[in-house]
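# An overview of the molecular structure
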Amino acid sequence: MRRFVSLLVSVSVGLLQACSPNLVKNIDPDQPLFLSPGAGLITGSVTAPKVFHYWVVARFRYRQLDQSESRLLESATPTSNFLWLEDLPIQASASGPDPGLEQELGRLFAVELPAGTYEIYQLESEGELLIHMLPVRFEVRAGEISYLGNLNVRNCLYRPDQRVYRGYVNAGIPSVRDESQRDLPLLMRKFPALTGASIIPAVIDDAVWQDLENTGLPSSETQCQF
């Protein structure tokens, strides 16, 4: 029975990890960097720290303007062993945090994209919408490497005043922070091809997200982490 449960969990974790790689398309960390003609590179980090002992994997969904195909930028789980089972091996492709971003459950990204204007238009977790928000935009310029900033999520809890109710994360407040002094060395460690490259600061303007805590929460009993 134990072997069956372990096998089932391993398959389930594999499926969970396989859900997003086709939408999270980082450059190959083991290969030299050669940008395709007419393409640029975006870099940055996504973080979504725990609130109390609760957490979710936050996923920012983005797309090129006037295009329907979308991709994801996502945060991490607290551990690469998704369900904390002692006999489940840790895999290199698991979704634990990147070194240096453990406390914020962070993941770094370096994604090649065709030049153009893009928008981040949705914040979700496991396919569930975390908050309704207006889109923010960023530019990808051919031949350039840009740092978009740290896409951070403050998790919010639904916790009614009932001692027997544990609560759950039912919303998140996004923001974009300039964490270049922290992120750039970590990016070069994860993607060695970026070492020595010219990375242009292009932190996303998140002004339209500033009042979400007052206007976008699904319930008055939802509390956000500060």
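Bear in mind that the values here come from a model prediction, so they are computed numbers and not experimental data.

### Remarks on the overall build of the protein
- Helices and strands together make up the secondary structure of the protein, namely three helices and 11 strands.
- Helices (α) and strands (β) of the protein occur, in sequence order from the N terminus, as α-β-β-β-β-β-β-β-β-β-α-β-α-β.
- Out of the 226 residues belonging to the protein, those deemed buried represent 45%.
- When the accessible area of the protein is evaluated, it comes to approximately 12300 Å², of which 52% is carbon and sulfur surface.

### Here's the deal with the pairing of strand β5 (residues 116-125)
- Counting buried residues along β5, eight of its 10 residues qualify, which places the element largely inside the surrounding structure.
- Note that strand β2 (residues 59-64) and β5 share six bridges and pair antiparallel. By the bridge assignment for β5, Arg61 is matched with Gln122.
- Examined bridge by bridge, β5 and strand β7 (residues 136-140) share five bridges and lie antiparallel to one another. Across the sheet, Tyr118 pairs through a bridge with Phe138, a residue of β7.
- Across three bridges, the pairing between β5 and strand β6 (residues 128-131) is antiparallel. Along β6, the bridge assignment pairs Ser125 with Glu128.
- Between β5 and β6, which pair antiparallel one after the other, the connecting turn spans two residues, and Glu126 there sits at a positive phi close to 50°.

### So, the pattern of salt bridges
- Counting across every chain of the model gives nine salt bridges.
- For Arg107, the salt bridge is made with Asp98, and the minimal N-O distance between the two is 3.2 Å.
- Overall, Asp98 belongs to the buried group, its relative accessible area being 7%.
- Here the salt bridges do not stand alone but share partners, grouping Glu104, Arg177, Glu179, Arg182 and Asp183 into one network.

### As for unusual backbone geometry
- Within the chain, Phe52 stands out as a residue other than glycine whose phi angle is a positive 55°.
- With respect to the secondary-structure elements, Phe52 resides in the loop between β1 (39-47) and β2.
- You can call Phe52 exposed: its relative accessible area is 59%.
- Despite not being glycine, Leu105 shows a phi value in the positive range, around 50°.
- Note on placement: Leu105 falls in the loop between β3 (70-74) and β4 (107-114).

### What to know about the pairing of strand β8 (residues 145-158)
- Most of β8 is tucked away, with 12 of its 14 residues classed as buried.
- Here β1 pairs with β8 via six bridges, running parallel. Bridge pairing links Val46 to Leu151 in β8.
- Sheet topology note: the β8/strand β10 (residues 199-201) ladder contains three bridges and is parallel. Opposite Ser146, over in β10, you have Ile200 as the bridge partner.
- When β8 meets strand β9 (residues 168-177), the two strands line up antiparallel, connected through nine bridges. Opposite Leu151, over in β9, you have Val176 as the bridge partner.

### What about the environment of Val176?
- Counting through the fold element by element, Val176 comes out in strand β9.
- Owing to a relative accessible area of 10%, Val176 belongs among the buried residues under this scheme.
- Spatially, the C-alpha atom of Val176 lies 6.1 Å from that of Gly149, the residues being 27 residues apart in sequence.
- Beyond its immediate stretch of four places on either side in the chain, Val176 contacts Leu148, Gly149, Asn150, Leu151, Val203, Ile204, Asp206 and Trp209.

### A few points about the side chain of Asn152
- Its location among the elements puts Asn152 in strand β8.
- For Asn152, a relative accessible area of 5% corresponds to the buried category.
- Side-chain polar atoms of Asn152 contact the side chain of Thr47, separated by 2.7 Å.
- Sequence-distant contacts of Asn152, defined by excluding residues within four places in its chain, comprise Thr47, Ala48, Pro49, Phe60, Glu104, Ile173, Pro174, Ser175 and Arg177.

Calculation notes
- Residues numbered from 1 in each chain as written.
- Predicted model: local features only at pLDDT ≥ 70, side-chain atom pairs only at ≥ 80, totals over all residues.
- Heavy atoms only, no water.
- Helix = DSSP H or I, 4+ residues; strand = E, 2+ residues; numbered from the N terminus.
- Buried < 20%, exposed > 50% of the residue type's maximum accessible area, 1.4 Å probe, protein only.
- Areas by Shrake-Rupley, 256 points an atom, 1.4 Å probe, with all protein chains shown as cover.
- Pairing = 2+ DSSP bridges.
- Salt bridge = Lys/Arg side-chain N within 4 Å of Asp/Glu carboxyl O.
- Contact = heavy atoms within 4.5 Å.
- Polar contact = N/O pair within 3.5 Å; in protein donor to acceptor, adjacent residues only side chain to side chain.

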